[in-house]
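Per-entry structural report
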Amino acid sequence: MRRAGLVALVACSLAVTAGCGDKAEEKTDTGGQGGGTEQVSLGFSQVGSESSWRVANTKSVQDSAVSAGIALDFQDGKQQQENQITAIRGFVQKKVDVIAFSPIVESGWDAVLQEAKDAKIPVILTDRAIDTTDTSLYRTLLGSDFVAEGRKAGQWLVDRYRGRQDDIKIVQIEGTTGSAPANHRRVGFTEAIESYPHLKVIDSKDGEFTREGGERVMKTFLAKHKDIDVVYAHNDEEGLGAIDALEAAGKKPGEDVLIITVDASRGGLEALAAGKLNFVVECNPLLGPQLMDLVKKAAAGETLPTRVVTDETVFDQAKAKEVLPTRQY
Ligand code: GYE
């Protein structure tokens, strides 16, 4: 039985409450940190735990649910879309008040989201977008602008090699194939460099957003291509994996080969401060507090903005050293 329902049942048996059993009366007053509002139940399906970004995101969602007084049903998708679909179906059966999820890939969600819509449960996308023609299947998308992140990475490269005429050979380690951040970070980067024909992407491969994936892909690039100048990795873990592969091949990451990554997690910023990465674009995982606000509004039947974009910056070595002592993740 879902938690809100269980709490309501206990409340009903303890007090004579007019209307117990009503859909609206099923919820109960949480008091305390919930600020006296009725307890809302949230089903949340996470991608997995592939990166420190993801771990920080999970913690942010869980901590914020506690402080917002929201009953969270957290399900780990373990990198599989089928697991996420099963979780969402489960949320519909449990009749949670709101469903939120971070879709591992962009396509293939229409059928299950239609089930949520039929059950009148509002859906909030967090972190990653979906590809659908029916935007009524979700209420809002909270998260970063991945195209902008890709552009920032590309722009840094344009500035770094301004005035150079010789070919600069770039390899790209992409995030999970079919995911919004991989698709959009590739598009933004390509857009930023496309008017500079000497900036050449000579190879691009999926590193699954993991350190092992980044290392494996970088090894194949090193075996295949001579004189790689730049690595553009779609997240810090893949960049750290590329560092491992370069060092194993006797090369100096950050000097012999420049590396750009996205996320700005502690591990990424440490490698940047140590001069092994050269530029890191920030992607903020601490979406929990904003998500809980949206959840409460959705549960109250309020209209949500269709898109909520998070504020983000970029880091060079000096800035990494400056923020590291207080970095939360
Ligand atoms: O950049 C990466 C994670 O979807 C923004 O997923 C997120 C990405 C993040 O695995 O580290």
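What you are looking at is a predicted structure, and each value in this text was computed from that prediction instead of being measured. (Residues numbered from 1 in each chain as written. Predicted model: local features only at pLDDT ≥ 70, side-chain atom pairs only at ≥ 80, totals over all residues. Heavy atoms only, no water.)

1. Considerations on the overall build of the protein
Helices and strands together make up the secondary structure of the protein, namely 11 helices and 12 strands. By the burial criterion, 53% of the 329 residues in the protein qualify as buried. Sequence separation of at least 24 residues holds for 72% of the intrachain contacts in the protein that already meet a minimum separation of 6. When the accessible surface of the protein is summed, it comes to about 14,600 Å², and 50% of that surface belongs to carbon and sulfur atoms. (Helix = DSSP H or I, 4+ residues; strand = E, 2+ residues; numbered from the N terminus. Buried < 20%, exposed > 50% of the residue type's maximum accessible area, 1.4 Å probe, protein only. Contact = heavy atoms within 4.5 Å. Areas by Shrake-Rupley, 256 points an atom, 1.4 Å probe, with all protein chains shown as cover.)

2. Quick word on the sheet that holds strand β10 (residues 279-282)
Strand order in this open sheet of 6 strands is β7-β6-β8-β9-β10-β12, and the pairing throughout is mixed. Strands at the two margins of the open sheet, each flanked by one partner only, are β7 (199-206) and β12 (314-315). The pairing of strand β6 (residues 168-174) with strand β8 (residues 230-233) spans 4 bridges and is parallel. What sits directly across from Gln 172, in β8, is Tyr 232. (Pairing = 2+ DSSP bridges.)

3. Things to note about helix α3 (residues 81-94)
The terminal C-alpha atoms of α3 lie 20 Å apart, and with 14 residues this matches the ideal 20 Å at 1.5 Å per residue to within 8%. Among all positions in α3, only Gln 81, Gln 84, Ile 85, Ala 87, Ile 88, Gly 90, Phe 91 and Val 92 are buried. Structurally, α3 contributes buried residues whose contacts are with β1 (41-46), β2 (71-76), β3 (98-101) and α4 (110-118). Just downstream of α3, Lys 95 is the residue with a positive phi angle, here 55 degrees. (Expected span 1.5 Å × (residues − 1).)

4. Some points on the sheet that holds strand β4 (residues 123-126)
Strand order across the open sheet formed by 6 strands is β2-β1-β3-β4-β5-β11, with parallel pairing between neighbours. This sheet does not close on itself; its edge strands, each paired only once, are β2 and β11 (307-309). The sheet shows a mean angle of 20 degrees between the axes of neighbouring strands, taken without regard to direction. The sheet contact formed by β1 and β3 spans 4 bridges and is parallel. The residue bridging Phe 44 from the neighbouring strand is Ala 100, located in β3. With respect to the sheet, helix α2 (residues 52-68) is in contact with β1 and β2, its orientation differing from that of β2 by roughly 160 degrees. (Axes fitted to C-alpha atoms, helices over the stretch in contact; angles between N-to-C directions.)

5. So, the site of the ligand
Around the ligand sit 13 residues in total, of which Glu 50, Asp 127, Arg 128, Asn 235 and Asp 263 are the nearest. Between the ligand and Arg 54 there is a distance of 3.0 Å, counted from an oxygen atom to a side-chain nitrogen or oxygen. Surface burial for the ligand is 100%, taken as the share of its 300 Å² of free accessible area covered by protein chains. Its residues placed into classes, the shell around the ligand shows 5 nonpolar, 2 polar and 6 charged. Three or more residues apiece are contributed to the shell around the ligand by two domains, here domain 1 (41-143 + 285-311) and domain 2 (146-283). (Near = heavy atom within 4 Å. Polar contact = N/O pair within 3.5 Å; in protein donor to acceptor, adjacent residues only side chain to side chain. Nonpolar A, V, L, I, M, F, W, Y, C, P; charged D, E, K, R; others polar. Domains from an automatic or database assignment.)

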